[in-house]
Amino acid sequence: MNCILCGSENTVVVDTIPVQRIIEGWESSYHIDVSDDFVESDRINLYLCQRCNLKFYIPLVTGSESLYSQLQDFDWYYMKDKWEHRVVSREIKQGDRVLEIGCGSGHFIKKLISQKIDATGIELNSNAVEEAKQLGLPVFLEELIDFSKGMSCKFDVVCNFQILEHSDDPKAFIETCIGLLKPSGRLWICVPNSAGFIRLADNDLLNQPPHHVTRWSKSVFRYLETQYPVKIKRILYEPLASYHLEWYINLQLSRLPLPKVLKRYIYIGTRKIGLPIAQHSKIYRILSGHTICVCYEKNEVITY
């Protein structure tokens, strides 16, 4: 199987997931039926590219608009305030023209406009777009490839937050983002950090098809720097968030080579004593959290 990012044939299967397990998981955890997203597939393979280090699923089963409309009902899905929003907004200057890809109902666009920044968003969830329109935000229901026509070198900043991992053609996605940038423009990509603590969550439904179809890490982003007319300016890691703290602790406890009964007592003690102390002191913020955020700068002289 060739890598969907770099085309290398040097790929290996590192995991296989029964489709029925995914379907049952979504039903029990979220009461969402994803069975229609899988056609003639009884298992999903996770591949690792040994050239660029991208992990990707085959078949590339991406979620329907119905899936994302249902996820929108969960208040944690389209969060109004994200760590990466705060990070990127501090790096945007007056006079920058900004495009956000996959902007949801426009929370980040609204934040930029309040700072008098020229910002535009595109989104594929029609319900989210309608919500943004009702707020008077410049958010459009449009595919990236269609939006990009006639928009070459138009933006100072192109950003996407938790979007790239959903794309079944990351190569085209990245190339299109770069094409939209002016020379010296900045591309911000923020995705789940597959080398972080989430790597311990073997059966994380949201990090599998039909939700996520690729997994990204620092090494993959370094590889991109060698293939495209961009250079990395910054790589940032989200501090562990309070709402991920219990998840983090559970994953770490699961690694302990102890009997289940003993693990349970440790879990109870940690939940009653350790968790409140950590939440109060915020000492957990020294740990790396869910997201990696990468800023590229487009070369002034384009060589391809």
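Above this text sits the structure in question.
Residues numbered from 1 in each chain as written. Predicted model: local features only at pLDDT ≥ 70, side-chain atom pairs only at ≥ 80, totals over all residues. Heavy atoms only, no water.

Notes on the pattern of salt bridges
Oppositely charged side chains can pair when the atoms bearing their charge come close. Applying the stated criterion across every chain, the model contains 10 salt bridges. In this structure, D81 and R86 form a salt bridge, with 2.7 Å as the shortest nitrogen-oxygen distance. What makes R86 partly exposed here is its relative accessible area of 30%. Its salt-bridge partner being D96, residue K93 comes within 3.9 Å of it at the nearest N-O pair. The partly exposed category is assigned to K93, whose relative accessible area is 47%. The class of D96 is buried, set by a relative accessible area of 6%. Linked through salt bridges whose partners overlap, the residues forming this network are K93, D96 and R186. (Salt bridge = Lys/Arg side-chain N within 4 Å of Asp/Glu carboxyl O. Buried < 20%, exposed > 50% of the residue type's maximum accessible area, 1.4 Å probe, protein only.)

Re the layout of surface pockets
Of the volumes computed, that of the second largest pocket is approximately 160 Å³. In this structure, the second largest pocket is lined by V14, D15, L46, K55, S194, I198, R199, A201, D202, N207 and R215. Class assignment of the residues belonging to the lining of the second largest pocket gives a composition of four nonpolar, two polar and five charged. (1 Å grid on protein atoms, 1.4 Å probe; cavity = no way out; pocket = protein on both sides within 12 Å on 5 of 7 lines; lining within 4 Å. Points joined across faces, edges and corners; volume = space filled by probe spheres on them. Nonpolar A, V, L, I, M, F, W, Y, C, P; charged D, E, K, R; others polar.)

Structural notes on the state of the cysteines
Counting across every chain of the model gives one disulfide. The disulfide partner of C190 is C293, and the S-S distance across this bridge is 2.2 Å. One end of the pair, C190, is in strand β8 (residues 181-192); the other, C293, is in strand β11 (residues 288-298), with 103 residues separating them in the sequence. Not engaged in a disulfide, the cysteine C52 finds its nearest cysteine sulfur in C49; these two sulfurs lie 3.6 Å apart. For C52, a relative accessible area of 0% gives the class buried. (Disulfide = S-S within 2.5 Å. Helix = DSSP H or I, 4+ residues; strand = E, 2+ residues; numbered from the N terminus.)

Quick look at the nonpolar core
Counting residues in hydrophobic clusters, the biggest one holds 40 residues, and the most contacted among them are L5, L54, V158, I174, W216, F221 and Y296. Sorting elements by how many residues they give to this core places helix α7 (residues 170-180) first, with five residues. For V158, the residues in contact, after removing those within four places along its chain, are L99, I101, C177, L180, L181, R186, L187 and W188. (Core = buried A, V, L, I, M, F, W, Y, C linked by side-chain atoms within 4.5 Å. Contact = heavy atoms within 4.5 Å.)

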